[in-house]
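# Structural characterization, general
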There are 4 protein chains.
Amino acid sequence: MLKIAILGAGRIGQVHAANVARHKDAQLVMVADPFIENANALTALWGGRAVQDPLEAIHDPAVDAVVIGTPTDTHVELMLAAANAGKAVLCEKPVDLDIHKALAAEKALGEKASRVMLGFNRRFDPGFNEIHQRIAKGDIGDLHQVVITSRDPGLAPLNYLKHSGGIFRDMVIHDFDLARWILGEEPVEVFATGSRLFEPSLEALGDYDTVMVQLRTASGKQCQINCSRQAVYGYDQRLEAFGSGGMMINDNHRETTVRHFGAQHTEVRGPLLDFFMQRYTDAYRLEIDAFIQAISKGTALPVTIHDGCQALRLADAAQLSADTQAVVKLN
Amino acid sequence: MLKIAILGAGRIGQVHAANVARHKDAQLVMVADPFIENANALTALWGGRAVQDPLEAIHDPAVDAVVIGTPTDTHVELMLAAANAGKAVLCEKPVDLDIHKALAAEKALGEKASRVMLGFNRRFDPGFNEIHQRIAKGDIGDLHQVVITSRDPGLAPLNYLKHSGGIFRDMVIHDFDLARWILGEEPVEVFATGSRLFEPSLEALGDYDTVMVQLRTASGKQCQINCSRQAVYGYDQRLEAFGSGGMMINDNHRETTVRHFGAQHTEVRGPLLDFFMQRYTDAYRLEIDAFIQAISKGTALPVTIHDGCQALRLADAAQLSADTQAVVKLN
Amino acid sequence: MLKIAILGAGRIGQVHAANVARHKDAQLVMVADPFIENANALTALWGGRAVQDPLEAIHDPAVDAVVIGTPTDTHVELMLAAANAGKAVLCEKPVDLDIHKALAAEKALGEKASRVMLGFNRRFDPGFNEIHQRIAKGDIGDLHQVVITSRDPGLAPLNYLKHSGGIFRDMVIHDFDLARWILGEEPVEVFATGSRLFEPSLEALGDYDTVMVQLRTASGKQCQINCSRQAVYGYDQRLEAFGSGGMMINDNHRETTVRHFGAQHTEVRGPLLDFFMQRYTDAYRLEIDAFIQAISKGTALPVTIHDGCQALRLADAAQLSADTQAVVKLN
Amino acid sequence: MLKIAILGAGRIGQVHAANVARHKDAQLVMVADPFIENANALTALWGGRAVQDPLEAIHDPAVDAVVIGTPTDTHVELMLAAANAGKAVLCEKPVDLDIHKALAAEKALGEKASRVMLGFNRRFDPGFNEIHQRIAKGDIGDLHQVVITSRDPGLAPLNYLKHSGGIFRDMVIHDFDLARWILGEEPVEVFATGSRLFEPSLEALGDYDTVMVQLRTASGKQCQINCSRQAVYGYDQRLEAFGSGGMMINDNHRETTVRHFGAQHTEVRGPLLDFFMQRYTDAYRLEIDAFIQAISKGTALPVTIHDGCQALRLADAAQLSADTQAVVKLN
């Protein structure tokens, strides 16, 4: 039984708490949140003790591992504290919005990085995962091109966007991680186009609502990412991998398979699964399972702080590319 | 070059005339229709000579073959006259609405039946044909069940329905032929249910607007047909074949492959191909091609008057079954 | 908190135990199974007390409700005992294999039947449920035809089949319930065709491996069910509802949405969700939720013992029809 | 009746000859090819007179219009000769491989350009056309992003590739035209990535086998094109248009709609329509129809030499971008 504390009782902490509580090899022992009523609400539902101070949870000897779901600017501090206290860590993305701070954290962790996992949940989506595994098995031969579609159902509140780090570091960072993972090779060239097509106020933030990114690896593999802050038809998350031996596509998910044929339209499907907590329900469950199993068995973690730093470097490069309308090379 | 005369310049005659005229191994030499202006219109478009009397075409030495697209009650007479005049014949379904007359025609033809083809166009649809061929190749193992969906986009005019012979002889007869052809075995048991769910005036005709039929062959193969005179979403023509080694489904056809994702519906496809002349465009072209090739090469015709009689027997049995709400056995 | 005992720790009892244990408004207090190690295994995982005798659970004052997942021939006895002890009951289908015993149970329950729910899980499948609701809303106008596909991935062990009551009472009974529920009207006419196409040994049991059924209601609504004990491509569960204003189809479910395009096949999808516990995971969870909510709030149960008896009557009629190759009328 | 001469009896000339011959408002009067036996073969099939010299056809008073399907390096010369002889012209793409020669031709044509149409056949594909029309109707609101997939089934012979002008001018030029047409605005920024992932010998030609292109218009609309010379699963031609009010996708085409469900794969579709003459059969037919109708009625031609020059400019820019790994700006 891995004894786990959840740091942060917000939206993502709630997802992790439920998955920990239902896991047969884990136990939810503590939830920490400065707003103690949030922590209380979670422990009432799933058990464990509620505390205000995340450091109390980190230093409690009854805790084996912590899941960090606190605001981004606290990730590095809590990650280091927990690792230094000998705890295993699952930390939500991003490591930090500042690449220097993120790289410093990676350096500071040293060998302890082997027990710190980063929460790029999409790697655990059964569809993306199937594609990753089947590429490895040779089902599409040598990989040549990857096309990623990543569109949110609606613009986040402007107050959130102000502190988000911008569309590349906040949203496309997931796709940069997917791209690295599927490509199996580091991109060495980034070109990004950013537009403000429906939310002009983003100009004041130096941010964009609609972006496209093109990546190339050293061996010539290619990747395109298209991204929008607002798709009226729902949360659009697709991936296409094309190679010398074929192609694979991961499509969107729906609530049911029902199709309607009416006098006006001869085939209509229902809504896509809404936003990330519905769409990636399975992915979050499988992510925590992968964390629990790797820590319990002492095997390698599937996503590391290094992955977090590399995705952030791509996001920084994309921001620079879009701002300067020029190609950015990475070494 | 097979020299062909079209008898009947109506809707179906027009389809055949265009396909004959465009065929590289055939020539449209004559069109016969009592309404000479209809015949003229067709020959103006596709060449050939227009005449009023079908018998003039049948006995013209310049004619090798005739396509009979005249009213049903003239089929037998014209078919016999043409066969006796040494012409090859492609006759639209049905042979006749009266099984006794149809069987008498089969008998009267004798060996000449080998040059009389019946126009069950659906056998030439590339999808149905692919399923037929792949069953023969063993792609679904031993065939166990067939499910046929056959729904017209809208009720034919009541004046047409009065002389149609009823839904089983007019419409489901196509599905009875498909069933026999796909099953590869004669049905020995017919059970049909007929309802008047939207057109009560059919009661006066002893006809139904909505029917279901269940068939069984001697070896126990099973078939279900569901049929409606009115599907508001378009012409619905599907077939499913299920066997010991798998299943195959032939779906409907659309004008384009475009899918629309909007705020209200996250995936909408466009209209089905409308009614039989659009949906079965390829089938009609391939049917006449099969006729021309078989006659030119002296090989066996793919659909015979015997097939026409057998489908009519099933239609008669289904009508009796629906009227008496009892199973009908065929020997 | 509804305190629930699970009677029977077999395959279906395990499904219900997990769903009860995870439900926020219920508590798993007891598991009863003559093989105490089975009961122990379940309580070890999900909590509660293990006992051997189901009557001990039924009469324990700490128990508010029981879920009966024991062998079929004990359903009636345990259902009556529990109802008489004042417990709410969720009983797996069928009520019994003998319609007389089932009807006697319905009569014996009297008013207590309002607290006895029958486990026709498919009504809680989100797809079937969406169709049921949308028919009620008029999305397809007046309902005319229903087509149900119901094929198991593989033959159950012959030892199981011997005591199953036959394909109609064991397997198609689910489809009879679906048909009644979707049609919204009782069938008055049953015609069934039964064949032994791959398992000749079923002849000794008077059973069939492949069946088709055709139903008609008093108002002329029609339904076809096609059913096989063995579909090599997986668990095939579909429903099509056709009406004056359109059609709806509920398709099968898959593990992922991944499509593969290779040199041999240009589009391949992955396996269907395997058998009933995977395919109907959501349905079982929503079924127990509906039970817990109805009992907690005192509202009407969505499936009753009367539904169980009516489905069994249709199964009996279908068996008789297939055996005699004749139509069976129900009053 | 528009009297048409086909210049060039090769692969594309054969397509046009058949479509002209079958068109009710046109007549195929001449086919010109230096290899007279090729011209003879076509006139034997579809009528008209065979000649060797294209200029003979151009200057024949019986000819109203010419279709130029000769080698690329003769396009400009024949186009100018025909226009100057007062003929209407439908010229295959590209205008020329040299942008200077193409622009000079545009200038030399002057007002006669209004009777010269360029053969970008994909604009006449019913699916692409539906998307173009529905964007204009507002079905997806303001257009934000376009994603084009364009993959050939197999590498053309190296001998062809040597004289092709490279992947951007030979193949992606179709997609540049599609992009301009769908975007409804000129791209002002081009970034292209070129790789040699399976045909290293292309290095000697300065050509690529796999490319990705990213475009931006002045108003910030974005477009990604992904392109390969070899997709083992067939001719892959898709387009996705995303806007403020929704998305539309045009999918690939297949020979039939048959789906197969077997023990290994639970759903398999058949091959894509092979290469451009099968995939774009309808588009070629509708292209010549649009030409015939516009010339007959004196209305504006849907694709002009200006379109041909603009697509070539994008191809040149993409080549430069890929060669220099830098963004290219267009004014």
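Residues numbered from 1 in each chain as written. Chains lettered and ligands numbered in written order. Predicted model: local features only at pLDDT ≥ 70, side-chain atom pairs only at ≥ 80, totals over all residues. Heavy atoms only, no water.

Moving on, we come to the overall build of chain A. Counting its regular elements, chain A contains eleven helices and 15 strands. Rg of the C-alpha trace for chain A: 20 Å, near the compact-globule value of 20 Å for 331 residues, within the 12% margin. In terms of overall dimensions, chain A has C-alpha extents of about 55 × 55 × 45 Å along its principal axes. Looking at chain A alone, contacts between residues at least 24 apart form 69% of all its contacts between residues at least 6 apart. For chain A, the computed accessible surface area is about 11900 Å², with 52% contributed by carbon and sulfur atoms. (Helix = DSSP H or I, 4+ residues; strand = E, 2+ residues; numbered from the N terminus. Rg over C-alpha atoms; globule rule 2.2 N^0.38 Å. Contact = heavy atoms within 4.5 Å. Areas by Shrake-Rupley, 256 points an atom, 1.4 Å probe, with all protein chains shown as cover.)

What follows covers the interface of chain D and chain A. Every contact between the two is made by 46 residues of chain D and, on the other side, 46 residues of chain A. Together chain D and chain A conceal approximately 3600 Å² of surface at their shared face, both sides included; 54% is due to carbon and sulfur atoms. A per-residue breakdown of the area chain D buries against chain A is headed by Met-212, Gln-214 and Gln-224 of chain D, which together make up 18% of the total. The tally of links between chain D and chain A comes to four salt bridges. Across the pair Arg-238 of chain D and Glu-240 of chain A runs a salt bridge whose closest N-O atoms are separated by 3.0 Å. Inspection of the region where chain D meets chain A yields 31 residue pairs in polar contact (both at pLDDT 80 or more). (Buried area = accessible area lost by both parts, 1.4 Å probe. Salt bridge = Lys/Arg side-chain N within 4 Å of Asp/Glu carboxyl O. Polar contact = N/O pair within 3.5 Å; in protein donor to acceptor, adjacent residues only side chain to side chain.)

For the rest of this paragraph, the subject is the side chain of Asp-209 of chain D. Residue and element names in this part refer to chain D. Relative to the helices and strands, Asp-209 is located in the loop between strand E8 (187-195) and strand E9 (210-217). Look at Asp-209: it is buried, it has no salt bridge, and the nearest opposite charge is Arg-196 at 7.0 Å. A distance of 2.8 Å separates the side chain of Asp-209 from the backbone nitrogen of Phe-198, its partner in a polar contact. Of the polar contacts made by the side chain of Asp-209, one reaches the backbone nitrogen of Glu-199; its length is 2.8 Å. For Asp-209, the contacting residues outside a window of four places in its chain are Ile-167, Ser-195, Arg-196, Leu-197, Phe-198, Glu-199, Leu-202, Cys-227, Ser-228 and Arg-229. (Buried < 20%, exposed > 50% of the residue type's maximum accessible area, 1.4 Å probe, protein only. Lys, Arg positive; Asp, Glu negative; His and termini not counted.)

Turning our attention to the interface of chain C and chain B. On the side of chain B, 46 residues touch chain C, which itself brings 46 residues to the contact. Taken over both partners, the interface formed by chain C and chain B buries close to 3600 Å², and the fraction arising from carbon and sulfur atoms is 54%. Looking only at chain C, the three residues that lose the most surface to chain B are Met-212, Gln-214 and Gln-224 of chain C, adding up to 17% of its buried area. Linking chain C with chain B are four salt bridges, by the criterion used here. One salt bridge connects Glu-240 of chain B with Arg-151 of chain C, and the closest N-O pair in it is separated by 2.8 Å. There are 31 residue pairs in polar contact (both at pLDDT 80 or more) connecting chain C and chain B. Going through the elements one at a time, strand E7 (143-151), strand E8 (187-195), strand E9 (210-217), strand E10 (222-228), strand E11 (236-243) and strand E12 (246-250) of chain C are the ones with two or more residues in the side of chain C that touches chain B.

For the pair chain C and chain B, the best superposition has an RMSD of 0.0 Å and corresponds to a rotation of 180° with a translation of 0.0 Å parallel to the axis. In symmetry terms, the pair is related by a two-fold rotation axis. Residue by residue, 100% of the interface of chain C is reproduced at the interface of chain B, so both copies engage with the same surface. (Least-squares fit on C-alpha atoms with pLDDT ≥ 70 in both.)

Turning to the nonpolar core, a few remarks are in order. Residue and element names in this part refer to chain A. Core analysis: the largest hydrophobic core is formed by 103 residues, its most contacted members being Ile-4, Leu-7, Val-66, Met-79, Phe-168, Phe-176 and Leu-239. The biggest single contributor to this core is helix H8 (residues 167-183), with eleven residues. Built from parts of two domains, this core gets at least three residues from each of domain 1 (2-92) and domain 2 (123-275 + 304-329). Apart from residues lying up to four places away in sequence, Leu-7 is in contact with Ala-32, Pro-54, Ala-57, Ile-58, Val-66, Val-67, Ile-68, Gly-69, Thr-70 and Leu-78. (Core = buried A, V, L, I, M, F, W, Y, C linked by side-chain atoms within 4.5 Å. Domains from an automatic or database assignment.)

Residue and element names in this part refer to chain D. Spatially, E3-E2-E1-E4-E5-E6 is the arrangement adopted by the six strands of the open sheet, whose pairing is parallel. Where the open sheet ends on each side, the last strands, each with one partner, are strand E3 (49-51) and strand E6 (116-119). Taking each pair of neighbouring strands and ignoring which way they run, the sheet shows an average axis angle of 20°. Across four bridges, the pairing between strand E5 (residues 88-92) and E6 is parallel. (Pairing = 2+ DSSP bridges. Axes fitted to C-alpha atoms, helices over the stretch in contact; angles between N-to-C directions.)

The next subject is the pattern of salt bridges. For side chains bearing opposite charge, pairing can occur when the charged atoms are close. The tally for this structure, following the rule as stated, stands at 110 salt bridges over all chains. A salt bridge links Arg-123 of chain B to Asp-307 of chain B, with the shortest nitrogen-to-oxygen separation between them at 3.6 Å. Placement of the pair is Arg-123 of chain B in the loop between strand E6 (116-119) and helix H6 (126-137) and Asp-307 of chain B in helix H11 (residues 305-324), with a sequence separation of 184 residues. Residue Arg-123 of chain B shares its accessibility class with Asp-307 of chain B, and that shared class is buried. Salt bridges here are not isolated pairs; linked through shared partners, they connect Asp-251 of chain A, Asp-251 of chain B, Arg-254, Arg-259, Glu-267 and Arg-269 of chain C together with Arg-254, Arg-259, Glu-267 and Arg-269 of chain D.

Residue and element names in this part refer to chain B. Spatially, E3-E2-E1-E4-E5-E6 is the arrangement adopted by the six strands of the open sheet, whose pairing is parallel. Each having just a single partner strand, strand E3 (49-51) and E6 make up the two edges of the open sheet. Strand-to-strand, the axes of this sheet are offset by a mean angle of 20°, without reference to chain direction.

Assigned domains within chain A: domain 1 (2-92) and domain 2 (123-275 + 304-329). Taking only C-alpha atoms, the centre of domain 1 of chain A and the centre of domain 2 of chain A are 29 Å apart.

Under the present numbering, the feature "domain: Gfo/Idh/MocA-like oxidoreductase N-terminal" (unreviewed entry) in UniProt falls on residues 2-120 of chain A. Secondary structure across residues 2-120 of chain A divides into 42% helix and 24% strand, with the first and last C-alpha atoms of the span separated by 21 Å. (UniProt positions renumbered as here; feature names shortened; annotations may be inferred.)

Covered by surrounding structure in E6 of chain B are Val-116 and Leu-118 of chain B together with Met-117 and Gly-119 of chain B, the residues of both alternating faces. For the handedness criterion, the β-α-β arrangement of strand E5 (residues 88-92) of chain B, helix H5 (residues 99-109) of chain B and E6 of chain B is classed as right-handed. (Right-handed = clockwise from strand over helix to strand, strands pointing away.)

As a further point, take the packing of aromatic side chains. Under the counting rule described, the total for this entry stands at 34 aromatic pairs over all chains. Judged by centre distance (6.5 Å) and plane angle (35°), the rings of Phe-128 of chain D and Tyr-280 of chain D are tilted. Of this pair, Phe-128 of chain D sits in helix H6 (residues 126-137) while Tyr-280 of chain D sits in the loop between helix H9 (275-279) and helix H10 (281-297), and the two are 152 residues apart along the sequence. Taken individually, Phe-128 of chain D and Tyr-280 of chain D each receive the classification buried, so the pair is uniform in this respect. Through pairs of rings, three or more aromatic residues link up here, namely Phe-128, Tyr-235, Phe-275, Phe-276, Tyr-280 and Tyr-284 of chain A. Stacked on the ring of Phe-242 of chain D, the Lys or Arg Arg-151 of chain A has its end atom at 4.0 Å from the ring centre. (Phe/Tyr/Trp six-rings, centres within 6.5 Å; stacked < 30°, edge-to-face > 60°. Lys NZ or Arg CZ within 6 Å of the ring centre and 35° of its normal.)

Attention shifts here to the state of the cysteines. Evaluation of the coordinates by the stated rule reveals zero disulfides over all chains. Cys-91 of chain B supplies the cysteine sulfur nearest to Cys-309 of chain B, a cysteine that is in no disulfide, at a spacing of 11 Å. (Disulfide = S-S within 2.5 Å.)

The next thing to look at is the packing of helix H4 (residues 75-84) of chain B against H5 of chain B. Residue and element names in this part refer to chain B. Interaxial distance between H4 and H5 falls to 10 Å at its minimum, and their mutual angle equals 0°. Taken as axis vectors, H4 and H5 run roughly parallel relative to one another. Within the contact between the two elements, H4 uses Val-76, Met-79, Leu-80 and Ala-83 and H5 uses Lys-101, Ala-105, Ala-108 and Leu-109. Residue composition of the contact of H4 with H5, by class: seven nonpolar, no polar and one charged. (Parallel < 35°, antiparallel > 145°, perpendicular 65-115°, else oblique. Nonpolar A, V, L, I, M, F, W, Y, C, P; charged D, E, K, R; others polar.)

Attention now moves to the UniProt feature "domain: Gfo/Idh/MocA-like oxidoreductase C-terminal" (unreviewed entry) in chain A. According to UniProt, the positions carrying the feature "domain: Gfo/Idh/MocA-like oxidoreductase C-terminal" (unreviewed entry) are residues 133-330 of chain A. Here residues 133-330 of chain A is 34% helix and 28% strand, with 27 Å between the C-alpha atoms at its ends.

Let us look at the pairing of E9 of chain D. Residue and element names in this part refer to chain D. With eight of its eight residues buried, E9 lies for the most part within the structure. Side chains Thr-210, Met-212, Gln-214 and Arg-216 project from E9 onto one buried face, and the interleaved Val-211, Val-213, Leu-215 and Thr-217 project onto a second face that is buried too. Across eight bridges, the pairing between E8 and E9 is antiparallel. When the sheet's bridge partners are listed, Gly-194 is paired in E9 with Val-211. Two elements, E9 and strand E10 (residues 222-228), share seven bridges in a ladder whose sense is antiparallel. Note on E10: the bridge partner recorded for Val-213 is Ile-225.

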